[in-house]
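Results of the structural survey
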Amino acid sequence: MSKEIKRRLGRALAVGSTLLMAGGGLLATAAPASAEPRDGNVEVGEIGLRFSSYEERPVLDLYSDDNNLSDDKFPGTQTRADNNTELVWNRDVFTWQLCTEADYSGPCTSISPGYSVNLVAPFRNTVSSARYGFF
Ligand SMILES: [Ca+2]
Ligand SMILES: [Ca+2]
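Summarised in this report is the structure supplied together with it. Owing to the predicted nature of the structure, the values given are computational and were not obtained by experimental measurement.

1. Topic: the pairing of strand E7 (residues 129–133)
Counting buried positions over the five residues of E7 gives four, a clear majority of the element. Where strand E4 (residues 95–101) lies against E7, five bridges are found, and the strand directions are antiparallel. The partner of leucine 98 across the bridge, within E7, is alanine 130.

2. Considerations on the side chain of serine 52
As for its position among the elements, serine 52 is in the loop between strand E1 (47–50) and strand E2 (59–62). Those residues in contact with serine 52, other than ones at most four positions away along the chain, are Arg57, Glu86 and Leu87.

3. A look at the coordination of the calcium ion (ligand 2)
Within the first shell, the calcium ion (ligand 2) binds the protein through Asp66 (OD), Asp66 (OD), Asn68 (O), Asp71 (OD) and Asp72 (OD), at distances of 2.2 to 2.5 Å. Spacing between the donor residues of the calcium ion (ligand 2) along their common chain follows D-x1-N-x2-D-D.

4. Overview of the state of the cysteines
Overall, the coordinates contain one disulfide when judged by the stated rule. Put simply, cysteine 99 and cysteine 108 are joined by a disulfide, and their sulfur atoms are 2.0 Å apart. Because the torsion about its S-S bond is 110°, the bridge between cysteine 99 and cysteine 108 counts as right-handed. Cysteine 108 gets classed as partly exposed once you look at its relative accessible area, which sits at 27%.

5. Some thoughts on the environment of leucine 87
Mapped onto the secondary structure, leucine 87 falls in strand E3 (residues 87–90). A relative accessible area of 14% means that leucine 87 is categorised as buried. Once residues lying within four places of it in the same chain are set aside, the contact partners of leucine 87 are Gly48, Leu49, Arg50, Ser52, Ser53, Ser116, Val117 and Asn118.

6. Here's the deal with the coordination of the calcium ion (ligand 1)
Any two of four tetrahedral donors ideally make an angle of 109.5 degrees at the metal, while pairs among six octahedral donors ideally make 90 or 180 degrees. Every protein donor of the calcium ion (ligand 1) is listed here as Glu36 (O), Asp39 (OD), Asn41 (O), Glu43 (OE), Glu46 (OE), Glu46 (OE) and Asp61 (OD), and their distances to the metal cover 2.2 to 2.6 Å. Expressed as a motif, the donor residue spacing for the calcium ion (ligand 1) is E-x2-D-x1-N-x1-E-x2-E-x14-D.

7. Considering the sheet that holds E4
The strand order E5-E4-E7 describes an open sheet built from three strands, whose pairing is antiparallel. Lying at the two open borders of the sheet, with one neighbouring strand each, are strand E5 (105–111) and E7. Averaged over all adjacent pairs, the angle separating strand axes in this sheet is 25°, with direction ignored.

Analysis parameters
- Residues numbered from 1 in each chain as written.
- Chains lettered and ligands numbered in written order.
- Predicted model: local features only at pLDDT ≥ 70, side-chain atom pairs only at ≥ 80, totals over all residues.
- Heavy atoms only, no water.
- Buried < 20%, exposed > 50% of the residue type's maximum accessible area, 1.4 Å probe, protein only.
- Helix = DSSP H or I, 4+ residues; strand = E, 2+ residues; numbered from the N terminus.
- Pairing = 2+ DSSP bridges.
- Contact = heavy atoms within 4.5 Å.
- Donors = N, O, S within 2.8 Å, 3.2 Å for Na, K, Ca; no water.
- Disulfide = S-S within 2.5 Å.
- Axes fitted to C-alpha atoms, helices over the stretch in contact; angles between N-to-C directions.

As structure tokens, this is what we get:
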């Protein structure tokens, strides 16, 4: 099975169980909201790279791998995303790997599903690439 197919399957299951947990007929007729990456909202299936630890600061929400953040800005801002992440929130069903250099090199750290992590050295404000998978 390809990585992308596994991803879609895993994500569909995650959304399904969220609806089950919400329960009842209320949501049964509502279509699951689809996550829109890079819209500044960290939805199920995405990881959010936040500019600072403050909740109201901009966040880059990724759904797919990005091997180089130097061409990315936080949505709705002119602030570059490269080397500018302090807080990470993984709402994906997959573990994400964050690396301090482009192309997933340099020191890397793994963020498990569901975790919100205040990054510390050497990863604080140094993340330059991100990918999901099994690490
Ligand atoms: Ca989003
Ligand atoms: Ca990029």
